[in-house]
Amino acid sequence: MRRSLPFLERLKLHPLFIVALALIAGVLVGGCVDLPCNVLLYAFTAFVVCALASYKYLYLRYILIYVSVFLLGVMIHESAVEEYTVKQESWQIIEAIVTSAPGKHGKIVRCDIVVTSGKMTGKKLRANIMRDTIGNRYLMLKVGSGIRCNALVAPAKEFSDGHFSYSRYLMCNGISGTAFIPVSHWRQARIPLSSLSASDRLRLVASKYREKLVERYNSSGLSDLSLSLVSAMTLGERSMLSKEVREEFSMTGTSHVLAMSGLHLSILYLFLTFAWGKRKRWVLVSFVNIILIWTFVFIAGLPLSLVRSAIMLTTHCVLGVARRDSLPLNTLSLAALIIVIGNPVSVYDVGFQMSFAAVLSILLLVPWTMRILGRSALLGLPASRLCLSFVIVSCVAQMAVAPLIAYYFGRVSCYFLLANVVAVPCTYVILVSGMLLLLVPITSLQALLSGILNGTVSFMDSSLAFISSLPGASFGIEISGWAVVCVYIALVAIIVLVYKRYGVGRSKMLF
């Protein structure tokens, strides 16, 4: 066994990992304490100057740099909260553009709007518009519609129970607050899209295109269940999912196949790699792959788990063209830094936390576990080794996200491995067939693909319904935030002990 590298040498191999941890820690601390911005700026400047002056003392320089990044995290959190927060409740006359598909929720229609006039110009609001059941004017609202209204703009209100923070959820999506609009207080208006920022216009174009693709699915002969699931798993359009379907996937621990995640983007990337064949390392091919990956991410609505995967795949493509090997932990850290700097409050997003926890645990534990368990002669067979890797990845990922699932949703699934044996292969079929259905113009092939999708969705739904009906399919559990922290500290301690006990070769070392 090769001698492991000293701790400082390992830090040099993965400089972005500790930087990302320090930045995220600063953002989290910034959410717990309220410090004056000028004090933070002075402290940050002082630590940066000291770090530059301590070039002769390597350990001290690293410590000062990490403290500076930590303070930077606190500062950018304060700045983000200032940008995304509505200070107080007030009636305001505003002009806005609808940026998400309106959905009926009882007596109201809910959608996201971007304000284009007044002191709140550029801010996004979650609008709750009272339905006029006589004239049904709300049916005219679509993505890109302009409205002029007198709205009650207010900060987001929290739910009375549970650990889910609605205000932080809205901030993670760039939404500053809510707007209540009575029936007679709004009318449609012609508002030029030029009043929006470039990013908002791009998101609006992606939303409109997503609606067109959903309509294409709707006209291709898919059943209602298939339409809702295929739209959610290929386009990120989850508004058509019924409460029963969401509950079924939640009980079986397969909700990740409904939410756009790295699994979906990995399937797309594998499909592209297979399609290009030996040309996959060409510069032009890698450039096209990157464009297709980010186009898919934008159409899906830029969920953080997809953005994380897209950044990692983009880095992989660039390094592949340059004939350079990538260190997965550095790539993951780079994705975290880009996302957190872009929107600091994204660290509170459930998808962000679960995505990074799962991927980090896979990078740290799966290679070592495969080395230990893969020594059997039986596991030397490709099929058995593939099955072993699937089981290990599923168990490691579930172990990493189980504390978060228990904290946010109060439930832990017991048959997640059995359910994923069904759901993951079906996801491959649904994603590839769904994409081909959108691309293939031949009617006969569209009918064939629609039949494949209907059959696959029906099989997956009936299988998950059976698994969710089994005794003890899931059980309720409530844990506090400190309990989650303690569980993760214990997991980290176990990982460190295992690494020290068995050692990790230099070529296999991730940290």
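Residues numbered from 1 in each chain as written. Predicted model: local features only at pLDDT ≥ 70, side-chain atom pairs only at ≥ 80, totals over all residues. Heavy atoms only, no water.

Q: Before we move on, can you summarise the overall build of the protein chain with the specific residues and values?
A: Each helix and strand in the protein chain was counted, giving 17 helices and nine strands. Judged by the C-alpha coordinates and their principal axes, the protein chain covers about 75 × 65 × 50 Å. Across the 511 residues of the protein chain, 48% fall into the buried class. A separation of at least 24 residues holds for 72% of the contacts in the protein chain among residues at least 6 apart in sequence. Carbon and sulfur atoms make up 66% of the accessible area of the protein chain, which totals about 26300 Å². Between the centroid of the 46 positive side chains of the protein chain and the centroid of its 23 negative side chains there is a distance of 12 Å. (Helix = DSSP H or I, 4+ residues; strand = E, 2+ residues; numbered from the N terminus. Buried < 20%, exposed > 50% of the residue type's maximum accessible area, 1.4 Å probe, protein only. Contact = heavy atoms within 4.5 Å. Areas by Shrake-Rupley, 256 points an atom, 1.4 Å probe, with all protein chains shown as cover. Lys, Arg positive; Asp, Glu negative; His and termini not counted. Charge placed at Lys NZ, Arg CZ, Asp CG, Glu CD.)

Q: I'd like to hear about the pairing of strand E6 (residues 175–181), residue by residue, with values.
A: The side chains of a regular strand alternate, residue by residue, between the two faces of the sheet. In terms of residue burial, E6 counts as a mostly covered element, since six of its seven residues are buried. In this sheet, E6 lies alongside strand E4 (residues 124–130) in parallel orientation, the contact comprising six bridges. Bridge pairing in E6 places Lys124 opposite Ile175. Here strand E5 (residues 146–154) pairs with E6 via three bridges, running antiparallel. Following the sheet pairing, Leu152 is matched in E6 by Phe180. (Pairing = 2+ DSSP bridges.)

Q: So what's going on with the state of the cysteines? Residues and values would help.
A: One pass over the full model with this rule turns up zero disulfides. Take Cys111: it sits in no disulfide, and the sulfur closest to it among the cysteines is that of Cys149, at 9.7 Å. Free of any disulfide, Cys414 has its nearest neighbouring cysteine sulfur in Cys395, separated by 13 Å. (Disulfide = S-S within 2.5 Å.)

Q: Help me get a handle on the confidence of the model for the protein chain, residues and values and all.
A: Overall, the predicted model of the protein chain reaches an average pLDDT of 82, with 91% of residues at or above 70. In this model, residues 505–511 is a region of pLDDT below 50 whose contacts with residues beyond four sequence positions or in other chains number 25 contacts. (pLDDT = per-residue confidence, 0-100.)

Q: So, the pairing of E5: which residues are in play, and what are the values?
A: Here E5 lies mainly inside the structure; seven of its nine residues are buried. Of the pairings in the sheet, the one linking strand E1 (residues 90–98) to E5 comprises eight bridges and is antiparallel in character. Note on E5: the bridge partner recorded for Ser90 is Val153. Here E5 runs beside strand E7 (residues 186–188); their pairing, made up of three bridges, is antiparallel. Counterpart to Arg148 in the pairing with E7 is Arg187.

Q: So what about the layout of surface pockets? Which residues, and what values?
A: Within this model, the second largest pocket holds a volume of roughly 390 Å³. Residue lining of the second largest pocket: 17 residues in total, with Leu268, Leu292, Phe296, Met435 and Leu439 positioned closest to the centre. Broken down by secondary-structure element, the contributors of at least two residues to the lining of the second largest pocket are helix H6 (198–218), helix H7 (224–235), helix H9 (262–276), helix H10 (283–299) and helix H15 (416–439). Per-element accounting of the lining of the second largest pocket gives the leading share, five residues, to H15. Residues of the lining of the second largest pocket, tallied by class, amount to 14 nonpolar, two polar and one charged. (1 Å grid on protein atoms, 1.4 Å probe; cavity = no way out; pocket = protein on both sides within 12 Å on 5 of 7 lines; lining within 4 Å. Points joined across faces, edges and corners; volume = space filled by probe spheres on them. Nonpolar A, V, L, I, M, F, W, Y, C, P; charged D, E, K, R; others polar.)

Q: Break down the pattern of salt bridges for me, with residues and values.
A: Under the criterion given, the structure shown has five salt bridges. Here Lys124 makes a salt bridge to Asp200, at a shortest N to O gap of 3.4 Å. With Lys124 in strand E4 and Asp200 in helix H6, this residue pair connects regions lying 76 residues apart in the sequence. In this pair, the class of Lys124 matches that of Asp200, namely buried. (Salt bridge = Lys/Arg side-chain N within 4 Å of Asp/Glu carboxyl O.)

Q: Help me get a handle on the packing of H7 against helix H16 (residues 443–469), residues and values and all.
A: Relative to each other, H7 and H16 sit at 90°, their axes nearing to 9 Å. Classified by the angle their axes make, H7 and H16 are roughly perpendicular. Judged by residue contacts, Leu225, Ser226, Leu229, Val230 and Met233 of H7 engage Leu453, Asn454, Val457, Met460 and Asp461 from H16. Of the residues that constitute the contact of H7 with H16, the class distribution is seven nonpolar, two polar and one charged. (Axes fitted to C-alpha atoms, helices over the stretch in contact; angles between N-to-C directions. Parallel < 35°, antiparallel > 145°, perpendicular 65-115°, else oblique.)

Q: Could you give an account of H7, naming the residues involved and the relevant values?
A: Relative to the 16 Å expected for twelve residues at 1.5 Å per residue, H7 spans 16 Å between its end C-alpha atoms, a close match to the ideal helical length. With respect to burial, H7 is a largely interior element, ten of its twelve residues being buried. Along H7, the residues that are buried comprise Ser226, Leu227, Ser228, Leu229, Val230, Ser231, Ala232, Met233, Thr234 and Leu235. Residues of H7 that are buried make contact with H6, helix H8 (243–251), H9, H10, H15 and H16. Positive phi shows up at Gly236, right after H7, with a value of about 75°. (Expected span 1.5 Å × (residues − 1).)

Q: Please give an account of the packing of aromatic side chains that cites residues and values.
A: Geometrically, a pair of aromatic rings is defined through the distance of the ring centres and the angle of the planes. Throughout the structure, instances matching the rule amount to four aromatic pairs. Pairing Tyr62 with Tyr66 gives two aromatic rings, centres 6.1 Å apart and planes at 15°, and the pair type is stacked. Of this pair, Tyr62 and Tyr66 are both found in helix H4 (residues 58–84), four residues apart, which corresponds to roughly one turn of the helix. With respect to burial, Tyr62 and Tyr66 carry one shared label: buried. Seen in terms of ring centroids, Tyr407 and Tyr408 are 4.9 Å apart; in terms of plane orientation they differ by 75°. Their pairing is edge-to-face. For Tyr408, a relative accessible area of 18% translates into the label buried. Across from the ring centre of Tyr62, 6.0 Å away, lies the NZ or CZ of Arg61, which sits over that ring. It is Arg168 that lies over the ring of Tyr348; its NZ or CZ is 3.9 Å from the centre. (Phe/Tyr/Trp six-rings, centres within 6.5 Å; stacked < 30°, edge-to-face > 60°. Lys NZ or Arg CZ within 6 Å of the ring centre and 35° of its normal.)

Q: For unusual backbone geometry, give the residues involved together with the corresponding values.
A: Phi at Leu302 takes a positive value of approximately 55°, unusual for a residue other than glycine. Mapped onto the elements of the fold, Leu302 is located in the loop between H10 and helix H11 (304–321).

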